[in-house]
Amino acid sequence: MGVELIRGDNFVTARLADVVNWARKSSLWPFPFGTACCGIEMMSTLASRYDMARFGAEAVRFSPRQADLLIVAGTICNKMAPVLKRIYDQMSQPKWVIAMGACASCGGIFDNYTVVQGIDQIIPVDMYVPGCPPSPQALMYSFTKIQGLVQSGQGLSLDPMPEAVPSVPV
Amino acid sequence: MNSAAISAKVAGAIPGACVEALEFQGQTTLQVRRESLKEVLAFLRDDPDILMNQLLDVTAVDYPARADRFDVVYILASIREDGLAPVRVRIKTRIPDGAALPSVTDLWRSADWGERECFDMFGIRFEGHPNLKRILNPDNFYGYPLRKTFPLRGERDPAFLEYKETEPA
Ligand code: SF4
């Protein structure tokens, strides 16, 4: 973080962005978008046994305006796609997205007419978690990777939207 | 009451309505003519011995090669107050593509969503339904996915370009 102590321990210098990012990564508020079985593993990760609170992410927000991490845990069908897109758009910048599980990442086992073949067709995704469902450890690992992105000031929502992502009318 | 008894009663009350009565693994199925479908269903509901006071589901089966393409299936149950075990019976009727059946929402309110699902998934129309529109697929969806002719991957399927449906009249 580039923290330096000068004159004994009376003064600390650091880059403001580093300090802000450090505070941000230690208090990520997730929005739980649990639509299927993966949602159960996400709940387990948030509950006392695995306890996401250790990483500062216990304040689960059910309003997208108060959340900065979208965890999409489950199958997203075409009918749900506009809702997901809208939730993402309603989250304020900066924001990060985890696609949890095979369904959210690529449609999973559902190669059919109802299921979106990966949420990255609708919204930018920062981190994909493999598994059907991923274990809580896998979700926590991806979470710490997201924290790494936050600390270094990276994230797809901070870049201009990639050309390839089509916008869905909401 | 077994299938023979039920079909005998139905035949007595509405002659010619019942085409076939089947008993398989303790399940009773009556096949009825399309024209008398609603009459039969109303009779089964109101007859004091049969008393099918609950409609569990309305669904359909697609046989694309058949002239009367669809089997529409009504699953009825009688929840009895006299302590007897509930009796179930399935009513099947055949209809061709594009034809309509009378809605039974006025007999059982639970027919509402079942008929909408049938309409959504098979394109079978129910006349007199209060709100016959898609229930599971998005409103702008094209086609009837539980028909065997529907391409599995929908719009992503190359076969979708050739897939054509005549909208139910
Ligand atoms: S990836 Fe597997 S566990 Fe997760 S929502 Fe899909 S089917 Fe369920």
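Participant: So what about a nonpolar patch on the surface? Which residues, and what values?
Facilitator: Residue and element names in this part refer to chain A. The grouping of Val3, Leu5 and Val12 at the surface amounts to a nonpolar patch, some 290 Å² of accessible area in total. Summarising the element assignment, Val12 is placed in strand β2 (residues 11–13). Exposure remark for Val12: the relative accessible area of 54% places this residue in the exposed category.

Participant: Describe in detail the interface of chain B and chain A, supporting the description with residues and values.
Facilitator: Taken together, the contact pairs 12 residues of chain B with 5 residues of chain A. For the pair chain B and chain A, the two sides together bury roughly 730 Å², of which 52% comes from carbon and sulfur. Between the two partners, chain B and chain A, sit 2 salt bridges. Residues Arg153(B) and Asp111(A) are paired through a salt bridge, measuring 2.7 Å at the closest nitrogen-oxygen approach. Here chain B is connected to chain A by 6 residue pairs in polar contact (both at pLDDT 80 or more).

Participant: Break down the site of the ligand for me, with residues and values.
Facilitator: Taken together, Ala36(A), Cys37(A), Cys38(A), Gly74(A), Thr75(A), Gly101(A), Ala102(A), Cys103(A), Gly131(A), Cys132(A) and Pro133(A) make up the full set of residues adjacent to the ligand. Looking at the shell around the ligand residue by residue, the classes come out as 7 nonpolar, 4 polar and no charged.

Participant: Would you mind going over the nonpolar core in detail, with residue names and values included?
Facilitator: Residues Leu41(B), Leu44(B), Val72(B), Tyr74(B), Leu76(B) and Ile91(B) are the most contacted members of the largest nonpolar core, which totals 40 residues. A total of 5 residues in this core trace back to one element, the largest contributor, which is helix α2 (residues 37–46) of chain B. Ignoring sequence-local partners within four residues, the contact set of Val72(B) consists of Val58(B), Thr59(B), Ala60(B), Ile91(B), Lys92(B), Thr93(B), Ile95(B), Leu101(B), Ile124(B) and Phe126(B). Core analysis: the next-biggest nonpolar cluster, separate from the first, contains 20 residues, Ala57(A), Ala73(A), Phe143(A) and Ile146(A) among them.

Participant: Account for the sheet that holds strand β4 (residues 70–78) of chain B, with residues named and values stated.
Facilitator: Residue and element names in this part refer to chain B. Across the sheet, 5 strands lie side by side as β1-β2-β5-β4-β3; this open sheet has mixed pairing. Here the strands that pair on one side only, and so sit at the sheet edges, are β1 (18–24) and β3 (54–62). Across the sheet, the mean angle from the axis of one strand to that of its neighbour is 20 degrees, orientation sign disregarded. With 8 bridges connecting them, β3 and β4 associate as antiparallel partners. Directly across from Leu55, in β4, lies its bridge partner Leu76.

Participant: Break down the packing of helix α1 (residues 16–25) of chain A against helix α5 (residues 136–151) of chain A for me, with residues and values.
Facilitator: Residue and element names in this part refer to chain A. Interhelical geometry of α1 versus α5 gives an angle of 160 degrees and a closest axis separation of 8 Å. Overall, the two elements α1 and α5 adopt an arrangement that is roughly antiparallel. The element α1 and its partner α5 pack so that their crossing is right-handed. Contacts between α1 and α5 involve Asp18, Asn21, Trp22, Arg24 and Lys25 from the former and Gln147, Val150 and Gln151 from the latter.

Participant: Explain the packing of aromatic side chains residue by residue, including any values.
Facilitator: Following the criterion strictly, the structure yields 11 aromatic pairs over all chains and no others. Measuring from ring centre to ring centre gives 5.9 Å for Phe160(B) and Tyr163(B), while their planes differ by 25 degrees; the resulting arrangement is stacked. Since its relative accessible area comes to 16%, Phe160(B) is described here as buried. Every member of this aromatic cluster is reached through a ring pair, and the members are Tyr113(A), Phe141(B), Tyr142(B), Phe150(B), Phe160(B) and Tyr163(B). The aromatic ring of Trp29(A) is capped on one face by Arg61(A), whose charged end is 4.6 Å from the ring centroid.

Participant: Describe the confidence of the model for chain B, naming the residues involved and giving the relevant values.
Facilitator: Residue and element names in this part refer to chain B. Looking at chain B, pLDDT values average 89 and 96% of them are 70 or higher. Averaged pLDDT values over the elements of chain B bottom out at 84 in helix α1 (residues 3–13) and peak at 95 in β3. Note on the complex model: pTM 0.84, ipTM 0.79.

Participant: Quick one: what's the story with the side chain of Asn137(B), residue by residue and with numbers?
Facilitator: Secondary-structure assignment places Asn137(B) in the segment after β7 (125–127). Residue Asn137(B) is classed as buried on the basis of its relative accessible area, which comes to 4%. The residues touching Asn137(B), leaving out its near neighbours within four places in the chain, are Lys79(A), Tyr113(A), Asp120(B), Met121(B) and Pro145(B).

Participant: Before we move on, could you go through α2(B) and cite the residues and values that matter?
Facilitator: Residue and element names in this part refer to chain B. Along α2, the residues classified as buried are Leu37, Val40, Leu41, Phe43 and Leu44. Buried residues in α2, looked at end-on, bunch into an arc of 160 degrees, giving them a common side. The elements touched by buried residues of α2 are α1, β2 (27–32), β4, β5 (87–95) and β6 (100–102).

Participant: Help me get a handle on the layout of surface pockets, residues and values and all.
Facilitator: For the largest pocket, the calculated volume is near 780 Å³. Lining the largest pocket are 28 residues, and of these Asn78(A), Lys79(A), Ala81(A), Pro138(B) and Glu155(B) sit closest to its centre. Residues that form the lining of the largest pocket fall into these classes: 16 nonpolar, 8 polar and 4 charged. Surrounding the second largest pocket, Glu20(B), Ala21(B), Leu22(B), Phe24(B), Gln27(B), Thr29(B), Leu30(B), Gln31(B), Asp71(B), Arg90(B), Lys92(B) and Arg94(B) form its lining. Within the residue set of the lining of the second largest pocket, elements represented by two or more residues are β1, β2 and β5 of chain B. Per-class residue counts for the lining of the second largest pocket are 4 nonpolar, 3 polar and 5 charged.

Parameters at a glance
Counting of residues starts from 1 at the beginning of each chain's written sequence and follows it residue by residue. Key to labels: chains lettered from A, ligands numbered from 1, both in the order written. Selection of residues for local features in this predicted model requires a pLDDT of at least 70, selection of side-chain atom pairs for listing and counting requires 80 or more, and totals for whole chains, interfaces and linings are taken over all residues. Note that the side-chain values use all heavy atoms of the structure and ignore hydrogens as well as water. Each patch groups residues whose relative accessible area exceeds 30% and which form no salt bridge, using 9 Å between like charges and 5 Å between nonpolar side chains of Val, Leu, Ile, Met, Phe, Trp and Tyr. For the accessible areas, the method is Shrake-Rupley and the probe is 1.4 Å, while residue cover comes only from the protein chains on display. One side-chain nitrogen of Lys or Arg within 4 Å of one carboxyl oxygen of Asp or Glu is enough to make a salt bridge. The way it works is that DSSP assigns letters per residue, a run of H or I at least four long becomes a helix, a run of E at least two long becomes a strand, and they are numbered from the N terminus. When accessible area is computed with a 1.4 Å probe and restricted to protein chains, residues below 20% of their type maximum are described as buried, those above 50% as exposed, and intermediate ones as partly exposed. Only heavy atoms enter the contact rule, under which two residues are in contact if any of them lie within 4.5 Å. Note on definitions: buried area is the accessible-area loss of two parts on being combined, 1.4 Å probe, summed for both. The definition of a polar contact used here is a pair of N or O atoms within 3.5 Å, where within protein one atom must be able to donate a hydrogen and the other to accept one, and adjacent residues in sequence count solely through side-chain atom pairs. Being near a molecule or strand, for a residue, comes down to having at least one heavy atom within 4 Å of it. Following the grouping adopted for this structure description, the nonpolar residues are Ala, Val, Leu, Ile, Met, Phe, Trp, Tyr, Cys and Pro, the charged ones are Asp, Glu, Lys and Arg, and the polar ones are all others, Gly among them. Note on terminology: a nonpolar core comprises buried Ala, Val, Leu, Ile, Met, Phe, Trp, Tyr and Cys residues joined through side-chain atoms within 4.5 Å. Strands qualify as paired when DSSP identifies two bridges or more between them. Whenever a helix is involved, its axis is fitted only over the stretch in contact; in every case the axis is a line through C-alpha atoms, and angles between N-to-C directions fall within 0 to 180 degrees. Just so you know how the angles are binned, under 35 degrees is roughly parallel, over 145 roughly antiparallel, 65 to 115 roughly perpendicular, and the rest oblique. Crossing handedness: left-handed means the near helix sits turned counterclockwise from the far one by under a right angle, and right-handed means the same turn made clockwise. Two rings from Phe, Tyr or Trp (for Trp, the six-membered ring) form a pair when their centres sit within 6.5 Å of each other. Planes less than 30 degrees apart are called stacked, planes more than 60 degrees apart edge-to-face, and all others tilted. Only when the NZ of Lys or the CZ of Arg is both within 6 Å of the ring centre and within 35 degrees of the ring normal is a charge said to sit over the ring. Confidence of the predictor in every single residue is expressed as pLDDT, which spans 0 to 100. The arc in question is traced by the directions running from the helix axis to the C-beta atoms. Whether a set of points on the 1 Å grid over the protein atoms alone is a cavity depends on a 1.4 Å probe fitting there but being unable to get out, while an open set qualifies as a pocket with protein on both sides within 12 Å along at least five of seven lines; lining residues are those with an atom within 4 Å of a point. Grid points are joined across faces, edges and corners, and a volume is the space filled by probe spheres set on the points.

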